[in-house]
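# Structural characterization, general
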Amino acid sequence: MLSFENILGVHERAMQVRTKRAQMLSSNLANIDTPNYKARDIRFKDAYNELHKGRYSTRHALDKTHSLHLDSSISVSDHSILYRTPMQRSIDGNTVEQQVEIAEFLDNAMHMQATIDFIGGKFRSLKTVIKGE
């Protein structure tokens with residue numbers, strides 16, 4: 001039987017972690033002016049390894065009505081979350097540095113796009129096999 005895990009391999013889990021990281025980085029940017037906000041990030045390798053070993057707990061933002069439906073979100077364990085040490089302290093205690101967050105967000109987006117391109121190639125190959133071309 002074909003499953004997304006068999007077809008996509010590690011890329012499904014990588015996208016889950018990259019998506020969670022994008023949410024965290026965008027939250028940092030959204031809170032750039034919030035006093036005492038601490039910039040957070042996810043160490044991709046650690047988070048991916050946890051997800052691969054099944055250590056993430058899943059939260060269902062959407063109901064799964066079939067066993068083959070994908071989980072809608074993941075919860076990052078506390079030891080995968082990192083807090084940034086700013087290069088220059090701010091008076092209000094906020095540790096978000098816009099240029100750092102944008103650079104990290106763009107790097108994460110680049111990796112996400114590479115994964116999306118790879119997944120797209122997998123589906124194109126699967127479509128070719130199904131059509132018998």
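Refer to the preceding data block for the structure.
Calculation notes
- Residues numbered from 1 in each chain as written.
- Predicted model: local features only at pLDDT ≥ 70, side-chain atom pairs only at ≥ 80, totals over all residues.
- Heavy atoms only, no water.
- Helix = DSSP H or I, 4+ residues; strand = E, 2+ residues; numbered from the N terminus.
- Buried < 20%, exposed > 50% of the residue type's maximum accessible area, 1.4 Å probe, protein only.
- Contact = heavy atoms within 4.5 Å.
- Polar contact = N/O pair within 3.5 Å; in protein donor to acceptor, adjacent residues only side chain to side chain.
- Core = buried A, V, L, I, M, F, W, Y, C linked by side-chain atoms within 4.5 Å.
- Lys, Arg positive; Asp, Glu negative; His and termini not counted.
- Salt bridge = Lys/Arg side-chain N within 4 Å of Asp/Glu carboxyl O.

### Description of the environment of Arg84
Structurally, Arg84 can be placed in the loop between β4 (81–83) and α4 (98–131). Classification of Arg84 as buried rests on a relative accessible area of 19%. Linking Arg84 and Ala39, residues 45 residues apart in sequence, is a C-alpha distance of 5.5 Å. Discounting chain neighbours no more than four positions away, the residues touching Arg84 are Leu25, Ala39, Asp41, Thr95, Val100, Glu101 and Glu104. Within the local environment of Arg84, its side chain forms a polar contact with the side chain of Asp41, the two groups lying 3.0 Å apart.

### Re the nonpolar core
In this structure, Ala14, Val17, Met24, Ile42, Ala47, Tyr48, Leu51 and Ile81 together form the largest nonpolar core, which totals eight residues. Residue assignment for this core shows that the elements contributing at least two residues are α2 (10–30) and α3 (44–52). If we skip the residues at most four places from it in the chain, Tyr48 touches Val10, Arg13, Ala14 and Val17.

### Some details on the side chain of Glu97
Inspection of the secondary structure assignment puts Glu97 in the loop between β4 and α4. Buried and unpaired, Glu97 has Arg84 as its nearest opposite-charge partner, separated by 6.9 Å. A polar side-chain atom of Glu97 sits 3.0 Å from the main-chain amide nitrogen of Met87.

### Description of the environment of Ala30
Tracing the sequence through the fold places Ala30 in helix α2. Taking the C-alpha atoms as reference points, Ala30 and Gln98, 68 residues apart in sequence, are found 10.0 Å from one another.

### Some points on the pattern of salt bridges
Enumeration over the complete set of coordinates arrives at four salt bridges. The residue Asp41 makes a salt bridge to Arg84 at a minimum N-O spacing of 3.0 Å. Here Asp41, found in strand β1 (residues 40–42), pairs with Arg84, found in the loop between β4 and α4; they are 43 residues apart in sequence, far enough to count as distant. For the pair Asp41 and Arg84, one class covers both residues: buried. When the shortest N-O distance is used, the salt bridge between Glu101 and Arg84 registers 2.6 Å. With Glu101 in helix α4 and Arg84 in the loop between β4 and α4, this pair connects stretches of sequence that are 17 residues apart. Each member of the pair, Glu101 as well as Arg84, is classed as buried. Linked through salt bridges whose partners overlap, the residues forming this network are Arg21, Asp41, Arg84, Glu101 and Glu104.

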